[in-house]
Amino acid sequence: MHQYPDAPSVARTFAPDEPVILNRPHAAGRAARFFATKFPGRSLYAVKANPSADLIKVLWDNGITHFDVASIAEVRLVRSILPDATLCFMHPVKTASAIREAYFQHGVRTFSLDTFEEVEKIVEATRDGHGDRAKDLRLCVRLRVSSEYSELSLASKFGIDLADAGPLLQATRQVADWLGVCFHVGSQAMTPFAYVQALERTRAAIADAGVVIDMIDVGGGFPSAYPGMEPPPLEDYFAIIHRHFEALPIAYNAELWCEPGRALSAEYSSMIVKVEKRRGDELFINEGAYGALYDAAHIGWRFPVECIARDGQRSGELQGFSFYGPTCDDADFMEGPFMLPADIKAGDWIEVGMLGAYGAAMRTAFNGFGQGDVLTVGDEPMASLYTGERVDKRVSDNVVSLR
């Protein structure tokens, strides 16, 4: 696979009229090694963040051996790529047929749940041909916790309330060979304290149930760096999680798990988009709300951006711009502000960074858009939590600092 030095070299070589995704395998590999060696337990990649087969292989090659799969399609995908990976079906609401296929065809033994009905569904779907109950189920009860310290809440859809968790843990213990408690503090947790609160709820649930717990899964939420969102070092999160995990009333050999998605994939990809039109402080570009910039449109996410001028350099003075995407919908709008040179114009390109998590995975073909090449580049992502450098150091007049 040919590797280009950076986004400007791609733009100069191809003068692309369609968006181009730029992948950085070295950045994803570095993130994987960081979690594999520094998190005080087991790290599962949350596949929904970016199901790219190439990315999954990179993570595996750099120490990620367990994968959080949330659908039978993700189970099939990862198993087809990695025959020896450990797959954990962590969606709390699954069809019986998905459970059955995952268990019997793909070797899945770990399932999450948050209701008595789901326990029964898992037990029934995994009975053998003689009607005997499976003896090797590894079941995780998902507890509802607060998302108040995260940029995106995941507190309302899944998880059993603390007041009801004890009886569900007791019932699950009766049919599980191995019992865990899991939770999710929300996406992009901006302080390690988010996990302290969740682990205190976990402590209360375990004490109320009075059962032996074999695993604690602190879920995802580990952040990446974006404009206006620069989190503390990930080592701070790991240290606090480990300290509170050690104090829980659990089995002496209990395991600690986490499920990073964004933190493992965000730095993997960026995208080159083209400015088709300028109208004041609005730029019409060829990617948008129905594609990789879904989060920018629907939840106001601000991605780092950098201008690639078609003819020389643009001024160093920056101003805020909003984007319109390529479709005919007014909803295809990204308010920003995205800080770019004040004299940017139609025909220029923009590199949009940190799109490896969710961005590259959200592209659709709505209205006939969503095409484009995928290339590999060798430079650093616009921001990284893994290099020891918390500010973009690339030499450019148009780089937007994250500090």
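Residues numbered from 1 in each chain as written. Predicted model: local features only at pLDDT ≥ 70, side-chain atom pairs only at ≥ 80, totals over all residues. Heavy atoms only, no water.

1. Digging into the overall build of the protein
When its secondary structure is counted, the protein shows 11 helices and 19 strands. Its C-alpha atoms give the protein a radius of gyration of 22 Å, near enough to 22 Å, the size a compact globule of 403 residues would have. Principal-axis analysis of the C-alpha atoms gives the protein an extent of 70 × 40 × 40 Å. The 403 residues of the protein split such that 56% are buried. When the accessible surface of the protein is split by element, carbon and sulfur atoms take 50% of a total near 16,100 Å². Looking at the protein, you have 39 positive and 54 negative side-chain charges, and the mean spots of the two groups are 2 Å apart. (Helix = DSSP H or I, 4+ residues; strand = E, 2+ residues; numbered from the N terminus. Rg over C-alpha atoms; globule rule 2.2 N^0.38 Å. Buried < 20%, exposed > 50% of the residue type's maximum accessible area, 1.4 Å probe, protein only. Areas by Shrake-Rupley, 256 points an atom, 1.4 Å probe, with all protein chains shown as cover. Lys, Arg positive; Asp, Glu negative; His and termini not counted. Charge placed at Lys NZ, Arg CZ, Asp CG, Glu CD.)

2. Brief notes about the packing of helix α3 (residues 53-61) against helix α4 (residues 72-81)
Between α3 and α4, the least distance of the axes is 10 Å, while the angle of their chain directions is 60°. The angle between α3 and α4 places the two elements in the oblique class. The element α3 and its partner α4 pack so that their crossing is right-handed. Contact residues: α3 offers Ala53, Ile56 and Lys57, while α4 offers Leu77, Val78 and Ile81. (Axes fitted to C-alpha atoms, helices over the stretch in contact; angles between N-to-C directions. Parallel < 35°, antiparallel > 145°, perpendicular 65-115°, else oblique. Left-handed = near helix turned anticlockwise from the far one by under 90°. Contact = heavy atoms within 4.5 Å.)

3. Remarks on helix α5 (residues 96-106)
Every α-helix carries 3.6 residues per turn, so stepping three or four residues along brings you back to the same face. Turning to α5, its buried residues number three or more, namely Ala98, Ile99, Glu101, Ala102, Tyr103 and His106. Buried residues in α5 make contact with α4, β5 (86-89), β6 (110-113) and α6 (116-125). Positive backbone phi, approximately 70°, marks glycine 107, located one or two places after α5.

4. Observations concerning the nonpolar core
Here is a general trend for soluble globular proteins: nonpolar side chains tend to be buried in one another's company. The biggest cluster of nonpolar side chains holds 110 residues, and the ones touching the most others in it are Phe35, Val218, Phe222 and Ile350. Looking at which element gives the most residues to this core, the answer is helix α8 (residues 193-209), with 7 residues. Residues in contact with phenylalanine 222, not counting those within four places in the same chain, are Phe35, Phe39, Tyr195, Leu234, Tyr237, Phe238, Ile241, Cys258, Pro260, Arg262 and Ala263. Counting residues in hydrophobic clusters, the runner-up holds 11 residues, among them Tyr4, Val20, Leu22 and Trp349. (Core = buried A, V, L, I, M, F, W, Y, C linked by side-chain atoms within 4.5 Å.)

5. Topic: the sheet that holds β6
The 8 strands lie next to each other as β3-β4-β5-β6-β7-β9-β11-β12, forming a closed barrel whose pairing is parallel. When strand polarity is set aside, the average angle formed by the axes of neighbouring strands in this sheet is 25°. Where β6 lies against strand β7 (residues 138-142), 4 bridges are found, and the strand directions are parallel. Residue pairing across strands places serine 112 opposite cysteine 140, the latter belonging to β7. (Pairing = 2+ DSSP bridges.)

6. Remarks on the pattern of salt bridges
Tallied over the entire structure, the rule returns 17 salt bridges. Where glutamate 101 meets arginine 76, a salt bridge forms, and the shortest distance between an N and an O atom there is 2.8 Å. Linking glutamate 101 in helix α5 with arginine 76 in helix α4, this pair joins segments that are 25 residues apart in sequence. For arginine 76, a relative accessible area of 42% corresponds to the partly exposed category. Among the salt bridges present, the one from arginine 127 reaches glutamate 124, with a minimum N-O distance of 3.1 Å. Looking at arginine 127, the relative accessible area reads 29%, which means it is partly exposed. (Salt bridge = Lys/Arg side-chain N within 4 Å of Asp/Glu carboxyl O.)

7. A few points about the packing of α5 against α6
Put simply, α5 and α6 touch, their axes get as near as 9 Å, and they point 50° apart. With respect to each other, α5 and α6 are oriented oblique. Helix-helix and strand crossings are classified by hand; for α5 and α6 the assignment is right-handed. Where α5 abuts α6, its residues Ala96, Ile99, Arg100 and Phe104 lie against Glu118, Lys121, Ile122 and Ala125. Partitioning the contact of α5 with α6 into residue classes produces 5 nonpolar, no polar and 3 charged. (Nonpolar A, V, L, I, M, F, W, Y, C, P; charged D, E, K, R; others polar.)

8. Remarks on the packing of aromatic side chains
Scanning the model with the defined rule gives 21 aromatic pairs in all. When the centroid spacing of 6.2 Å and the interplanar angle of 65° are considered together, the rings of phenylalanine 34 and phenylalanine 35 count as edge-to-face. An angle of 85° between the planes, with centres 5.2 Å apart, marks the rings of tyrosine 226 and tryptophan 301 as edge-to-face. In this pair, tyrosine 226 sits in the loop between β11 (215-217) and α9 (234-246) while tryptophan 301 sits in the loop between α11 (294-298) and β15 (305-308), placing the two residues 75 residues apart along the sequence. By the burial criterion, tyrosine 226 is buried, and tryptophan 301 matches it. These aromatic residues form a ring-pair network of at least three members: Phe34, Phe35, Phe39, Tyr195, Phe222, Tyr237, Phe238 and Tyr386. Positioned above the aromatic ring of tyrosine 103 is the side chain of arginine 109, whose terminal nitrogen or guanidinium carbon lies 3.8 Å from the ring centre. Arginine 138 extends its terminal NZ or CZ atom over the ring of tryptophan 178, reaching a point 3.8 Å from the ring centre. (Phe/Tyr/Trp six-rings, centres within 6.5 Å; stacked < 30°, edge-to-face > 60°. Lys NZ or Arg CZ within 6 Å of the ring centre and 35° of its normal.)

9. With respect to the side chain of histidine 66
Residue placement: histidine 66 occurs in strand β4 (residues 66-69). Within the local environment of histidine 66, its side chain forms a polar contact with the side chain of threonine 65, the two groups lying 2.9 Å apart. Discounting residues that sit within four places of it in the chain, histidine 66 has contacts with Arg42, Ser43, Leu44, Tyr45 and Thr86. (Polar contact = N/O pair within 3.5 Å; in protein donor to acceptor, adjacent residues only side chain to side chain.)

10. Here's the deal with the confidence of the model for the protein
Scored by pLDDT, the protein comes out at a mean of 92, with 96% of its residues at no less than 70. In this model residues 391-403 is a low-confidence stretch, pLDDT under 50, and it forms 34 contacts with partners more than four residues away in sequence or in other chains. (pLDDT = per-residue confidence, 0-100.)

11. Topic: the side chain of aspartate 214
Mapped onto the elements of the fold, aspartate 214 is located in the loop between α8 and β11. Non-local contacts of aspartate 214, meaning those with residues more than four positions away in its chain, are made with Arg173, Asp177, Trp178, Leu179, Ala254 and Glu255.

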